[in-house]
Amino acid sequence: MTDLRTRFAPSPTGFLHLGSARTALYNWAHARRHGGCFVLRIEDTDLERSTRESEETVLDGLRWLGLDWDEGPHRQTERRERHREAIDGLLDADRAYRCTCSREELEVRKEEDIAAGGPGTYDGRCRDLNLGPDCGAHTVRLRVPDEGLLGWDDAVFGPSGQDARQIGDAIIQRGDGTPLYNLAVVVDDIDMAISHVIRGADHHPNTPLQIAIYRALEAPLPIFAHLPLIVGESGKKLSKRRDNVSIQDFRADGHLPEALVNWLVRLGWSHGDDEIFSLTEIGELFSLENVGRSPARAEPPKLAWLGQHYIKALPSDELFTRVRPYLEGVKGAAVEDDKSLRALLELLRERSRTLVEMAELARWNLCEDLEYDEKAVKKHLRPAALPVLQALQSAMEGLPEWALVDLEKAFEAVAAELGDLKLGKLAQPVRVAITGGPNSPGIFETLEILGRERTLARIDKAIEIVEARVESAD
RNA sequence: GUCCCCAUCGUCUAGUGGUUAGGACACCGGCCUUUCAAGCCGGCGACACGGGUUCGAGUCCCGUUGGGGAUACCA
């Protein structure tokens, strides 16, 4: 193991965000690729929103995606003492100072500055007042240099930075004595010896201030890599309102974690013309150099395509285990592992992009109460289908074997008997009769899986439906 | 307002001065076919604009436009 260390530092807000998941994936991948250490740290300083439960949800999402961490989870709240120490050290070294400006005053002065064409940063009123600990209610501000560049060489964006004058003396400790985010991350990243800070580009503008903090703390800079944001179909930052952003939602929709990981890794990263990447391959091939700089739009069709790809590739046992909960959701009862169900799943693989779709396509085999598709019934269970259904029923009744070849022969015989009908003329009415809808796997496979008893019962039912229509037409 | 960032097919992207600008998804058409898929074959489709630099710019520079992000005693 090298001394390369990356970290993922989510705030536990109740779900794992799509963008966060990609950030986690890239951090994981970079660590794996270089034999480094992937650290997990929970930024739980916002006590209002942070609960142990929502933390568990985030961890759960990571595990489900297959992103295993080597260290942690550390929690930022457990490190309050260290943050306090760092701030005290800065105060002692005169690299930070106490500020007694009230929020209201600050607000007014900021607006005045903006109105006057200024950047709206802190005016430095308390900077040289040398306020001591007994100055009353106060915050602590970092003494940011008056000039010079706070710059770095971003692993994704290249040379980056901002003029120190644009930053202003930022607050690093609140009036209640708690540290602010920018101070806490830097202290934590230093203490945890994080060598690569890989995070969303929304943090890009925070970086100059954080660099000022690193310098004040006399700590070496890590390598920063900012990831272009993932935007929604609107082209704007993903929002919980508009977009599907929770990993848990994708899971509930029946997406495979393999597909999601593959989809995410390609949102901003590429490896030549390759499209399919397993997690293992990502851990071998990932490179920050190949991360793009423009925001990527998260559009579902490609995820669907990947989903189908991975469903097709899943070993039979694995497929059954994974789809089982969804099947039970459709059936509303426990599902037995039997031969015919397994056979059905094999047929459904290439027709399903998610496990939910697959379970839905298996409905006719799971439930005895068919949901009839109105249009299909109207089109195929019409009076003309009556002789077909009746002839097929008696042919199938007498079948010695309920097997593919025998069913096919029976159909051929009936087709010939009824005047050389095309197979489609037989298959569609039967399909609607036994599945309720116009689509299913091959008709003989479908019949074989359903079994003789259920098939005959459903054809009976269909005959009743047709007869009812004949009568009402009179 | 100020600062920062981005810009190749509808979407994800390849491309690092000389390419018929490549791939994937989506879309369209064909083949296969008992339906739906899958599979195979084919098609549509892009360098935002304007200036430079250069023998030669998608590639380098500047500007314009467009888009995004940040401007908290949130993280």
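Please refer to the structure higher up on the page.
Since we're looking at a predicted model, the values are computed, not measured. (Residues numbered from 1 in each chain as written. Chains lettered and ligands numbered in written order. Predicted model: local features only at pLDDT ≥ 70, side-chain atom pairs only at ≥ 80, totals over all residues. Heavy atoms only, no water.)

J.: Would you mind showing me how to read the pairing of strand β9 (residues 196-200) here?
T.: Consecutive residues of a regular strand have side chains that alternate between opposite faces of the sheet. With five of its five residues buried, β9 lies for the most part within the structure. Sheet topology places β9 next to strand β10 (residues 223-227); five bridges connect them, and they run parallel. Directly across from R199, in β10, lies its bridge partner H226. In this region the chain leaves β9, passes through helix α6 (residues 207-216) and returns to the parallel neighbour β10; the handedness of that crossover is right-handed. (Buried < 20%, exposed > 50% of the residue type's maximum accessible area, 1.4 Å probe, protein only. Helix = DSSP H or I, 4+ residues; strand = E, 2+ residues; numbered from the N terminus. Pairing = 2+ DSSP bridges. Right-handed = clockwise from strand over helix to strand, strands pointing away.)

J.: Is there a simple way to explain a positive patch on the surface in this structure?
T.: Where like charges cluster on the molecular surface, the positive patch consists of K375, K379, R382 and K425. For K379, the position within the fold is in helix α15 (residues 374-380). Of the residues examined, K379 reaches a relative accessible area of 54% and is grouped as exposed. (Patch = residues over 30% accessible without salt bridge, like charges linked within 9 Å, V, L, I, M, F, W, Y side chains within 5 Å. Areas by Shrake-Rupley, 256 points an atom, 1.4 Å probe, with all protein chains shown as cover. Salt bridge = Lys/Arg side-chain N within 4 Å of Asp/Glu carboxyl O. Lys, Arg positive; Asp, Glu negative; His and termini not counted. Charge placed at Lys NZ, Arg CZ, Asp CG, Glu CD.)

J.: Please clarify how the environment of V414 should be interpreted in this entry.
T.: On the secondary structure map, V414 appears in helix α17 (residues 404-417). Residue V414 is classed as buried on the basis of its relative accessible area of 2%. Placed 293 residues apart in sequence, V414 and T121 show a C-alpha to C-alpha distance of 86 Å. When residues no more than four places from it in sequence are discounted, the contact partners of V414 are A391, L392, A395 and L426. (Contact = heavy atoms within 4.5 Å.)

J.: Explain the protein's contact with RNA strand B to me, please; I cannot follow it from the model alone.
T.: If you check the shell around RNA strand B, you find 58 residues, and the closest are K110, R174, E350, R431 and S440. Sugar plus phosphate: this is where 70% of the atoms of RNA strand B within 4 Å of the protein reside. At 2.8 Å, a side-chain N or O of Q162 approaches a sugar or linking oxygen of RNA strand B. Those elements that place two or more of their residues in the surface near RNA strand B are α4 (103-115), β12 (296-297), α10 (300-313), α18 (423-435) and α19 (443-450). Its residues assigned to classes, the surface near RNA strand B comprises 20 nonpolar, 19 polar and 19 charged. (Near = heavy atom within 4 Å. Polar contact = N/O pair within 3.5 Å; in protein donor to acceptor, adjacent residues only side chain to side chain. Nonpolar A, V, L, I, M, F, W, Y, C, P; charged D, E, K, R; others polar.)

J.: Explain the packing of helix α1 (residues 18-33) against helix α8 (residues 257-265) to me, please; I cannot follow it from the model alone.
T.: The axes of two packed helices give the description: the angle between them and the distance between them. The N-to-C vectors of α1 and α8 enclose an angle of 85 degrees; their axes lie 10 Å apart at closest approach. Compared by their axis directions, α1 and α8 come out roughly perpendicular. Taken together, the residues of α8 that come into contact with α1 (itself represented by L18, A21, R22, L25 and Y26) are V261, W263, L264 and V265. Split into classes, the residues belonging to the contact of α1 with α8 amount to eight nonpolar, no polar and one charged. (Axes fitted to C-alpha atoms, helices over the stretch in contact; angles between N-to-C directions. Parallel < 35°, antiparallel > 145°, perpendicular 65-115°, else oblique.)

J.: Looking at this structure, how should I read the nonpolar core?
T.: Side chains of a nonpolar character, in soluble globular proteins, are inclined to be buried together. Within the largest apolar cluster, 101 residues are counted, with the highest numbers of intra-cluster contacts made by L25, Y26, W263, I282, L327, M396 and L447. In terms of residues, this core owes the most to one element, α1, which gives eight residues. Ranked by size, the runner-up nonpolar core spans 30 residues in total, among them I87, L90, A96 and W152. (Core = buried A, V, L, I, M, F, W, Y, C linked by side-chain atoms within 4.5 Å.)

J.: Sorry, what's going on with the environment of L16 here?
T.: Within the fold, L16 resides in the loop between β1 (5-8) and α1. Along the sequence, L16 and L62 sit 46 residues apart, while their C-alpha atoms lie 8.0 Å from each other.

J.: Even after reading the chapter, I still don't get the sheet that holds strand β5 (residues 139-142), so can you show me in this structure?
T.: Pairing between the strands of a sheet is mediated by backbone hydrogen bonds and can be parallel or antiparallel. The antiparallel open sheet is built from three strands, whose spatial order is β4-β5-β8. In this open sheet, the two edge strands, each paired with only one partner strand, are β4 (96-99) and β8 (171-173). The mean inter-strand angle of the sheet, taken between neighbouring strand axes irrespective of direction, is 45 degrees. For β5 and β8, the ladder comprises two bridges, and the chain directions are antiparallel. Bridged to R141 within β8 is I171.

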